Amino acid sequence: METRKTFIGLVDNALAASNSLHRDQLLFSYKGILYPRILYSPEVFKALESFEARRDDVILAGYPKSGTNWLSQILNDLIAISQKKTPGSESSVNAEEQEEFPYLEIGDSEKYERMSKLPSPRFMVTNLCPEKLPKSLFQNNAKILLLIRNPKDVATSYYHFSNGVATVPSYETWDDFFTDFMAKKTAWGCYLEYLSEWNKYADKENIMTITYEEVKENPALSVKNIATFFGIPLTEEQLQLVVERSSFQSMKKNSDKTHGSFGNVLFRKGTNWLEQMVKELADAKYTEEEMKERINAEKKLETFQRLEFGDPGIYEVSRN
């Protein structure tokens, strides 16, 4: 698709540039959190502070590997429908808007000036914690869809992701990765802290929390609820079209057109955390004591059915 060329070009260039960096050079720290050096910069973070959000902006917030590419597909199609366009057609995409990388915090320092000239509704995705986002998002009550996922599956998916792309450090073993993941030594910081920070905003009327698991269990109902939240009316035919286009099979089939060479990494059909753990226990020849330690480490990643439910102390477990 012509309008995806800029997006794909940015991704492919980032992957190529990362190959020339040593492992220790891939990440940099900004206000206590690590980020991929090729994709992010302190200058852009600084410029982002003055970004002026609109009330009708459509924003998707989610930690990496929690399903943001999947929900982006759904939201893009819903926006097309709201503009009386057919999802997937060439005319459904605003060519001007596609010139900008969809992630709010990735680009150049002049990006936000260009975005101020884009027509509404503007769609953007962010991996940032709320305190790292522009204050205008909350002051202007921009609508935010907050996507969360079982931390165990986020960790497993992130582990495979880190070994599939050059923009973040790779790991020889799951244990090495898991240690860094829990100690805020991986890009984007600790997922449990990310959840804890967003939990402070969960009851705001301009924020809708949805889980990866509920979208997977009932895609049609989830799409309908998302459309209602953003005030987008849907016919039954339109609803089914959005659901069909956002299926894993459909997105994987079109991944070369939508994400270029990055598509093979994003649409990996991985095993869940338990399958991963059992396989490693079988392959690694752990002693009985080591097996107990390995299983107990997994238990530190508790399941979140809903961000706003549960014992507040759960966020402290990962730090012990």
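Residues numbered from 1 in each chain as written. Predicted model: local features only at pLDDT ≥ 70, side-chain atom pairs only at ≥ 80, totals over all residues. Heavy atoms only, no water.

An unreviewed UniProt entry annotates the protein as Sulfotransferase originating from Zonotrichia albicollis. Check the Sequence similarities (unreviewed entry) section of the UniProt entry for the protein; it says "Belongs to the sulfotransferase 1 family." (UniProt positions renumbered as here; feature names shortened; annotations may be inferred.)

Here the focus is the overall build of the protein. Along the protein, the regular secondary structure elements total 18 helices and six strands. Across the 320 residues that make up the protein, the buried fraction comes to 50%. In the form shown here, the protein has an accessible surface area of approximately 15700 Å², with 50% of it arising from carbon and sulfur atoms. (Helix = DSSP H or I, 4+ residues; strand = E, 2+ residues; numbered from the N terminus. Buried < 20%, exposed > 50% of the residue type's maximum accessible area, 1.4 Å probe, protein only. Areas by Shrake-Rupley, 256 points an atom, 1.4 Å probe, with all protein chains shown as cover.)

Once that is clear, we can look at the packing of helix α3 (residues 68-82) against helix α11 (residues 219-229). At a closest axis distance of 11 Å, the pairing of α3 and α11 adopts a crossing angle of 55 degrees. In this view, α3 runs oblique relative to α11, as classed from their interaxial angle. α11 is crossed by α3, and the crossing has right-handed handedness. Taken together, the residues of α11 that come into contact with α3 (itself represented by Leu71, Ile74, Leu75 and Leu78) are Val223, Ile226 and Ala227. Here the residues of the contact of α3 with α11 are counted per class, giving seven nonpolar, no polar and no charged. (Axes fitted to C-alpha atoms, helices over the stretch in contact; angles between N-to-C directions. Parallel < 35°, antiparallel > 145°, perpendicular 65-115°, else oblique. Left-handed = near helix turned anticlockwise from the far one by under 90°. Contact = heavy atoms within 4.5 Å. Nonpolar A, V, L, I, M, F, W, Y, C, P; charged D, E, K, R; others polar.)

On to the pairing of strand β5 (residues 143-148), then. Of all six residues in β5, five are buried, a share of seventy percent or more. Here five bridges tie strand β3 (residues 58-62) to β5, and the two strands are oriented parallel to one another. For Gly62, the partnering residue across the bridge sits in β5 and is Leu147. Pairing of β5 with strand β6 (residues 207-211), which is carried by five bridges, proceeds in the parallel orientation. Of the residues in β6, the one forming a bridge with Leu146 is Thr209. (Pairing = 2+ DSSP bridges.)

Turning our attention to the packing of aromatic side chains. Inspection of every chain in the model, using the stated rule, returns 26 aromatic pairs. Considering the side-chain rings of Phe51 and Tyr112, the 5.8 Å spacing of their centres and the 65 degrees angle between planes classify their relative orientation as edge-to-face. Placement of Phe51 in the loop between α2 (42-48) and β3 and of Tyr112 in helix α5 (residues 111-115) is noted, with a sequence separation of 61 residues between them. The burial state of Phe51 is the same as that of Tyr112; both residues are buried. An angle of 55 degrees between the planes, with centres 6.4 Å apart, marks the rings of Tyr63 and Tyr158 as tilted. Of this pair, Tyr63 sits in the loop between β3 and α3 while Tyr158 sits in helix α7 (residues 151-162), and the two are 95 residues apart along the sequence. Judged by its relative accessible area of 0%, Tyr63 falls in the buried class. A cation sits over an aromatic face here: Arg23 above Tyr171, 4.9 Å from the ring centre. Sitting over the ring of Phe229, Lys143 keeps its end group 5.1 Å from the ring centre. (Phe/Tyr/Trp six-rings, centres within 6.5 Å; stacked < 30°, edge-to-face > 60°. Lys NZ or Arg CZ within 6 Å of the ring centre and 35° of its normal.)

Going through the model one piece at a time under the given rule, you end up with one cavity of 30 Å³ or more. Within this model, the largest cavity holds a volume of roughly 40 Å³. For the largest cavity, the full set of lining residues is Leu27, Tyr158, Ser162, Val168, Pro169, Tyr171, Phe177, Lys185, Thr186 and Ala187. Within the lining of the largest cavity, the residues separate by chemical class into seven nonpolar, two polar and one charged. (1 Å grid on protein atoms, 1.4 Å probe; cavity = no way out; pocket = protein on both sides within 12 Å on 5 of 7 lines; lining within 4 Å. Points joined across faces, edges and corners; volume = space filled by probe spheres on them.)

With that out of the way, let us pick up the environment of Val154. In this fold, Val154 is placed in helix α7. Beyond its immediate sequence surroundings of up to four residues, Val154 is in contact with Tyr63, Pro64, Lys65, Ser66, Arg149, Phe181 and Tyr191.

Next up on the list: the confidence of the model for the protein. Per-chain confidence: the protein averages 80 in pLDDT, with 68% of residues scoring 70 or above. Taken as a whole, residues 270-286 scores under 50 in pLDDT and shows 25 contacts with residues more than four places along the chain or in a different chain. pLDDT under 50 marks residues 302-320. Its contacts with residues more than four places away, or in other chains, come to 35 contacts. (pLDDT = per-residue confidence, 0-100.)

Glycine aside, a negative phi is what most residues show, and trans is what most peptide bonds show. Cis geometry is found at the peptide bond from Ser120 to Pro121, where omega equals -5 degrees. Along the chain, Pro121 turns up in the loop between α5 and β4 (123-126). The backbone of Lys31 sits at a positive phi, close to 50 degrees, despite the residue not being glycine. As for its placement among the helices and strands, Lys31 is situated in the loop between β1 (27-30) and β2 (33-36). Taking the relative accessible area as the measure of exposure, Lys31 reaches 56% and is therefore exposed. Backbone geometry at Asn141 places phi at a positive 55 degrees, although glycine is not the residue there. Mapped onto the fold, Asn141 is located in the loop between α6 (136-139) and β5.

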